[in-house]
Amino acid sequence: MSMYSCIVVGAGHAGCEAAMALARMGHNVLVITSNVDRIGHLSCNPAIGGLAKGHLVREIDALGGCMGKWADEAGIQFRILNASKGPAVRARRAQMDRDTYLAAVKRDLFAQERVSVWQDMVTEIVAEGGRVLGVRTRLGKEFAAPHVLLTTGTFLCGLVHIGLTHYPAGRFGDDAAGQLSDSLRALGLRVGRLKTGTTPRLKGSTIDFAALEAQYGDNPPTGFSFSGPGPVLPQIPCYISWTSEKTHEIIRSGLSRSPLFTGVITGVGARYCPSVEDKVARFPDRDRHHVFIEPEGLDRREYYANGISTSLPLDIQEKMVASIRGLEHAEIVRPGYAIEYDYVNPIQLRPTFETRRVDGLWLAGQINGTSGYEEAAAQGLWAALNIAAKLEERPPFLPARSECYMAVLADELVTKGTNEPFRMFTSRAEYRLLLREDNADARLTPHGRERGLVGDEQWEHFCGRQEALRSLMDKLRNTRLTPDAATAAAFTALGEPCPSQAVTLADLGRRPQLGLRRLSVFLPELETAHDDIVQETEIVLRYAGYLELQDDLVRRAARQETVRLPADMDYDGVAGLSREIQEKLNEVKPLTLGQAGRISGVTPAALACLEIELKKRGLL
């Protein structure tokens, strides 16, 4: 039986990111997937990024991960969302060419040294004495490893629904993993049920694009990766249409055959990405809903109708599509469907994503109750860094919530758990002004370098970028203008009032109406400086006061994060805690007082009781 450092089960976004990272850090990895041709497949919408999700992709790239570079290679439309809003909530989103993205992921996985790939279905986790030994597969193979990472997506007992027709599948066209859930239950893990869905795919040649509103990307396109070559493919538009009251009547006529409304589907669906029938039922006063017609590739053979995710019967789907402007004659190539699948509530995990029940068993991605490619990839990288830390007998990779969105994601999952598909939002981060897309490299690239994931080329690019930022800021702070005739003439040319006293360019840079580029008359380097250097410098100057306030909040909260709680602490014996709080603390087993305070229902008074208990034990 072959021995590997880690077996990664599943080759979606979590599995591929984890396998690449572990191998690049020097560990032998076996990836087991049910279909080698679907490695890196974009199962649902053909897009990467979005609000908070774009932040995660930038953080993955900053740490030395792959998703940002793959997205830049395959992107066919890039946009900055919330460009007119504050820097904390601006985020990148890009449409992907599905085939190019999949090919890039598969190419890199197969080319990566120390990665082996095997097509098969894992049916059992082999463990003994609370410790993982390896896995068994449907073909009767056994593979040994001290660590197994499950990144099973929607495949665990997956059940596809189209109307009242349903059948086992991991996704449309792929087999479900029917036995692995039983193995997890046998190991003592609690398994729940969730639901997600997707939209009809349409034949591009049957869409009337002239009747649709074109939506173009940014020009020039702004990619995800800090150090990669950036977007390389031609850029094409998306299109916008709307449902109508006729559409809604058709949808309502099919609700009696909807698995969602007849109780056939028992799994909990995504609150923030409801099906179109759910939207029509929940918002009866809305006379229309957006439909985004998104290309699935440069050949434009198929389009993804974003906004009409559905599990309605096929005849209702066909009528619904035909009632939408521009889609009157559109042919459905693949129907929309819902899928139910098993997941493990992540409250059963350690902060590293290792299960508390079984040493060496790790979970990442949708098996932890999340939704979205980006959340999955971030979890895969998080787990990989911590698996490597265990293999190398190093401290775990556990940055604070003030350092990255990945830490917020991990902390929310293991501290609060989830009973519905979890989605990342900027509002989940209390220090989001510190966690901007533009500074993800400053926050995380040193971590990636120290862990052996950031290579020399990326590190040199990072150091050069940081030096450019420091140099520009120094020049702005040290260039002082006096209100003389020459200065007055320059400000007149700018159409701005001349300062009445001496000021630095940094002072002027805080004026939102000016913009640093306009100050190039005083500092020529501003004219040639790279856009991202100028933009990040502007943010630091204009939001300096708010950044200082957030830094102060981080320092105040840091004390509770440094107060460790014993891993074996029995909270039933802590005086002053209610039974409910005792149960929650015993379930989560928080690492620190700070984490304990983020558990739902744990009050400041309860934290005071914990502090008293720690003092009694001589631990504080």
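The preceding data block contains the structure.
Residues numbered from 1 in each chain as written. Predicted model: local features only at pLDDT ≥ 70, side-chain atom pairs only at ≥ 80, totals over all residues. Heavy atoms only, no water.

Engineer: What should I look at first to understand the overall build of the chain in this one?
Structural biologist: Check the secondary structure of the chain and you find 20 helices and 23 strands. The C-alpha atoms of the chain give 26 Å as radius of gyration, which agrees with the globular expectation for 620 residues (25 Å, within 12%). Dimensions of the chain along its principal axes, counting C-alpha atoms only, are 85 × 75 × 50 Å. Considering the chain as a whole, with its 620 residues, one finds that 56% of them fall into the buried category. Counting only carbon and sulfur atoms, one obtains 50% of the accessible surface of the chain, whose full area is about 25500 Å². In the chain, 73 side chains carry a positive charge and 77 a negative one; their mean positions are 3 Å apart. (Helix = DSSP H or I, 4+ residues; strand = E, 2+ residues; numbered from the N terminus. Rg over C-alpha atoms; globule rule 2.2 N^0.38 Å. Buried < 20%, exposed > 50% of the residue type's maximum accessible area, 1.4 Å probe, protein only. Areas by Shrake-Rupley, 256 points an atom, 1.4 Å probe, with all protein chains shown as cover. Lys, Arg positive; Asp, Glu negative; His and termini not counted. Charge placed at Lys NZ, Arg CZ, Asp CG, Glu CD.)

Engineer: So what exactly am I meant to see when it comes to the nonpolar core here?
Structural biologist: Note that soluble globular proteins tend to have their nonpolar side chains buried in a common cluster. Of all hydrophobic cores here, the largest spans 98 residues; its most connected members are Ile 48, Tyr 101, Ile 125, Leu 150 and Leu 361. In this structure, Ile 125 is in contact with Val 132, Gly 134, Val 135, Val 148, Leu 150, Leu 180, Ser 183, Leu 184, Leu 187 and Leu 361, ignoring residues within four places of it in sequence. Among the nonpolar cores identified, the runner-up in size contains 22 residues, and Leu 476, Ala 490, Leu 516 and Ala 529 belong to it. (Core = buried A, V, L, I, M, F, W, Y, C linked by side-chain atoms within 4.5 Å. Contact = heavy atoms within 4.5 Å.)

Engineer: Looking at this structure, how should I read the sheet that holds strand 12 (residues 165–168)?
Structural biologist: Note: strands within a sheet are paired through backbone hydrogen bonds, in either parallel or antiparallel orientation. On the basis of which strands lie adjacent, the open sheet formed by 4 strands has the order 12-11-20-13 and antiparallel pairing. Looking along the sheet, the strands with just one partner apiece sit at the ends: strand 12 and strand 13 (191–198). Geometrically, the sheet is characterised by an average inter-axis angle of 25 degrees between neighbouring strands, direction not taken into account. Of the pairings in the sheet, the one linking strand 11 (residues 159–162) to strand 12 comprises 4 bridges and is antiparallel in character. Looking at strand 12, one finds that Val 160 is bridged to Tyr 167. (Pairing = 2+ DSSP bridges. Axes fitted to C-alpha atoms, helices over the stretch in contact; angles between N-to-C directions.)

Engineer: Would you take a moment to explain the packing of aromatic side chains for this structure?
Structural biologist: Aromatic rings in a pair are described by how distant their centres are and how their planes are angled relative to each other. With the rule as written, the count across this model stands at 11 aromatic pairs. Ring geometry for Trp 70 versus Tyr 101: centroids 6.4 Å apart, planes at 80 degrees, classification edge-to-face. Of this pair, Trp 70 sits in helix 3 (residues 67–74) while Tyr 101 sits in helix 4 (residues 98–111); the two residues are 31 residues apart in sequence, bridging distant segments of the chain. The same class applies to Trp 70 and to Tyr 101, which are both buried. Ring geometry for Phe 172 against Tyr 337: centres 5.5 Å apart, planes inclined by 25 degrees, an arrangement best described as stacked. Linking Phe 172 in the loop between strand 12 and helix 5 (180–186) with Tyr 337 in strand 20 (residues 337–344), this pair joins segments that are 165 residues apart in sequence. A relative accessible area of 31% places Phe 172 in the partly exposed class. Take Tyr 337: its relative accessible area is 7%, and that puts it in the buried class. One aromatic cluster in this structure is built from Phe 209, Tyr 239 and Tyr 303. The ring of Trp 242 is capped by Arg 288, whose NZ or CZ atom sits 4.2 Å from the centre of that ring. (Phe/Tyr/Trp six-rings, centres within 6.5 Å; stacked < 30°, edge-to-face > 60°. Lys NZ or Arg CZ within 6 Å of the ring centre and 35° of its normal.)

Engineer: Would you mind showing me how to read the pattern of salt bridges here?
Structural biologist: This structure, assessed with the given rule, holds 57 salt bridges. In this structure, Glu 124 engages Arg 136 in a salt bridge whose closest nitrogen and oxygen atoms are separated by 3.1 Å. Of this pair, Glu 124 sits in strand 7 (residues 122–128) while Arg 136 sits in strand 8 (residues 131–137), placing them 12 residues apart in sequence. Note on Arg 136: relative accessible area 30%, which makes it partly exposed. When the shortest N-O distance is used, the salt bridge between Arg 465 and Asp 441 registers 2.6 Å. Here Arg 465 is found in helix 12 (residues 456–478), whereas its partner Asp 441 is found in helix 11 (residues 440–450), with 24 residues between them in sequence. For the pair formed by Arg 465 and Asp 441, the shared burial category is buried. Residues joined in a network through salt bridges with shared partners are Arg 401, Asp 411, Glu 412, Lys 416, Arg 428, Glu 430, Glu 561 and Arg 598. (Salt bridge = Lys/Arg side-chain N within 4 Å of Asp/Glu carboxyl O.)

Engineer: Explanation requested: the sheet that holds strand 8 in the structure shown.
Structural biologist: With antiparallel pairing, the 3 strands of this open sheet are ordered in space as 7-8-9. Looking at the sheet topology across the chains shown, the edges are occupied by strand 7 and strand 9 (142–144). Going from strand to strand, the sheet's axes swing by 25 degrees on average, the running direction of each strand aside. The pairing of strand 7 with strand 8 spans 6 bridges and is antiparallel. Its bridge partner being in strand 8, Val 126 is matched across the sheet by Gly 134.

Engineer: Hey, could you run me through the packing of helix 1 (residues 13–24) against helix 9 (residues 373–391) in this one?
Structural biologist: How two helices pack is summed up by the angle between their axes together with the distance between the axes. With their axes 7 Å apart at the nearest point, helix 1 and helix 9 run at an angle of 30 degrees to one another. Between helix 1 and helix 9, the angle is such that the two are roughly parallel. In this structure, helix 1 meets helix 9 at a crossing whose hand is right-handed. Listed contacts from helix 9 to His 13, Ala 14, Glu 17, Ala 18, Ala 21 and Leu 22 of helix 1 are Tyr 373, Ala 376, Ala 377, Gly 380, Leu 381, Ala 384, Ile 387 and Ala 388. When grouped by side-chain class, the residues that make up the contact of helix 1 with helix 9 number 11 nonpolar, 2 polar and 1 charged. (Parallel < 35°, antiparallel > 145°, perpendicular 65-115°, else oblique. Left-handed = near helix turned anticlockwise from the far one by under 90°. Nonpolar A, V, L, I, M, F, W, Y, C, P; charged D, E, K, R; others polar.)

Engineer: Can you walk me through helix 17 (residues 544–562) in this structure?
Structural biologist: Think of an α-helix as turning once every 3.6 residues; residues three or four places apart then point the same way. Under the 1.5 Å per step criterion, the end-to-end length of helix 17 is 27 Å for 19 residues, consistent within 8% with the ideal 27 Å. Of all the bends in helix 17, the greatest, near 30 degrees, is centred on Arg 556. (Expected span 1.5 Å × (residues − 1). Bend = angle between axes of the 7 residues up to and from the residue.)

Engineer: What am I meant to see in the side chain of Glu 277 here?
Structural biologist: Mapped onto the elements, Glu 277 comes out in helix 7 (residues 276–282). Within the buried set, Glu 277 has no salt-bridge partner at all; the shortest N-O distance to an opposite charge, 6.4 Å, is to Lys 195. Ignoring sequence-local partners within four residues, the contact set of Glu 277 consists of Ile 251, Leu 255, Ser 258, Leu 260, Phe 261, Ser 309, Thr 310, Ser 311 and Leu 312.

Engineer: I would appreciate a short explanation of the state of the cysteines in the present structure.
Structural biologist: In a disulfide, the sulfur atoms of two cysteines are covalently bonded to one another. According to the stated counting rule, one finds 0 disulfides in the structure shown. Lacking any disulfide linkage, Cys 273 is separated from the closest cysteine sulfur, that of Cys 44, by 6.8 Å. The class of Cys 273 is exposed, set by a relative accessible area of 51%. (Disulfide = S-S within 2.5 Å.)

Engineer: I'm lost on helix 16 (residues 531–542) in this one. Help?
Structural biologist: With 12 residues, helix 16 should reach 16 Å at 1.5 Å per residue; the first-to-last C-alpha distance of 16 Å fits that figure. Buried residues along helix 16 sit against helix 12, helix 14 (505–509), helix 15 (525–528) and helix 17.

Just distances and angles here, no functional claims.
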